[in-house]
Amino acid sequence: MKCKRCKATAAVALPSHHAGFCEECYDLFFTRQVEKGIRRQKLLTFEDRILVALSGGKDSLALMLVLSKLGYNVTGLHIDLSIPNSSEAARGVVERFCEKHGFKLIVKEMAKEGLAIPDVKARLNRPICSACGKIKRYFFNKTALDEGYTVLATGHNLDDEIARLFSNTLRWDLAYLSDQGPGLPAEGGFARKIKPLYRLSEFETANYSFLQGIEYHYAPCPYSQGASFTQYKKLWADLEEQMPGRKLDFYLGFLERGKEVFAKHEETHGDELQPCEKCGYPTSAEVCGVCRIREAVSQD
């Protein structure tokens, strides 16, 4: 296959775009997709102070690098979950990446917060993934607000967003459908959040990371076995193979024609949020979920 842009031998084939690109032109394609997503959804300005959540995986590291190359002011945030045989490796990848590129990095250690994930898992009688996600989102938001960042960026790609949209649609979860999208405004104690990679698939971010020589942490979390999102991604991967471009069409169609309907419903029927009595985090209950988890872990 020849590169669509310069006609050299292609390094990456993208059936969903009916195109292939050489290494140099793929860099340009990827960067332009990020730029296009930022522009169309008005996600960023060059005055923003951006806190990028870095897990150590390919997507978040690729996001940090491309935003920096585009001239944005970025700082990394890593949540050390204290998971044996996983967290130490992920943290090491993030620290080496930031040192290599001269990026500022903030690390939050959950063990010091009384929320080490193995301890949380031992105390809860429900799947750990939901609690872990809740804890990470809590500290993403708290750090962004406490440190004065104007926006929090995460490396969720198109596959992540499709899996979440599919899950929310299967359950007709109106609250989650109302706020799904690449950008959420700052309001009611929440920092502004963005997902600049929403136009790019996991395959596309993986190729970018490889071609940029990014070292990333690729071992799955030892606690994530059987996670429903993994199954949803497999279903959509099969569909995409048969119908290239279907994932992006479905997601963009939701943003253009579906999201507003759910958002309007939530405005009139959604739960009213209030500050947590213990920490001030927005919640629909008297005490937020993370404070309740913290209490459960601290019990003898």
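1. Some remarks on the packing of aromatic side chains
Right, on to step 1. As enumerated under the stated definition, the model contains 16 aromatic pairs in all.
Right, on to step 2. Here the aromatic rings of Phe46 and Tyr72 are separated by 4.3 Å at their centres, their planes lie at 10°, and the arrangement is stacked. Within this pair, whereas Phe46 is found in the loop between helix H1 (23-41) and strand S3 (49-53), its partner Tyr72 is found in the loop between helix H2 (58-69) and strand S4 (73-80), the two being separated by 26 residues in sequence.
Right, on to step 3. Residue classification places Phe46 among the exposed positions, given a relative accessible area of 51%.
Right, on to step 4. Among the residues examined, Tyr72 registers a relative accessible area of 12% and is labelled buried.
Right, on to step 5. Measuring from ring centre to ring centre gives 5.7 Å for Phe190 and Tyr281, while their planes differ by 85°; the resulting arrangement is edge-to-face. Taken together, the positions of Phe190 in the loop between strand S7 (183-184) and strand S8 (193-194) and Tyr281 in the loop between strand S9 (274-275) and strand S10 (282-283) put the pair 91 residues apart, joining distant regions of the chain.
Right, on to step 6. Among the aromatic residues, those joined into a cluster by ring pairs are Phe21, Tyr26, Phe29, Phe30 and Tyr208.
Right, on to step 7. When the ring centre of Tyr149 is taken as reference, the NZ or CZ atom of Arg49 above it lies at 4.1 Å.
Right, on to step 8. One Lys or Arg, Lys121, reaches over the ring of Tyr223 and ends 5.4 Å from the middle of that ring.

2. Points about the side chain of Asn207
Right, on to step 1. The residue Asn207 is located in helix H8 (residues 202-211) in this model.
Right, on to step 2. Residues in contact with Asn207, not counting those within four places in the same chain, are Val12 and Tyr26.

Analysis parameters
- Residues numbered from 1 in each chain as written.
- Predicted model: local features only at pLDDT ≥ 70, side-chain atom pairs only at ≥ 80, totals over all residues.
- Heavy atoms only, no water.
- Phe/Tyr/Trp six-rings, centres within 6.5 Å; stacked < 30°, edge-to-face > 60°.
- Helix = DSSP H or I, 4+ residues; strand = E, 2+ residues; numbered from the N terminus.
- Buried < 20%, exposed > 50% of the residue type's maximum accessible area, 1.4 Å probe, protein only.
- Lys NZ or Arg CZ within 6 Å of the ring centre and 35° of its normal.
- Contact = heavy atoms within 4.5 Å.

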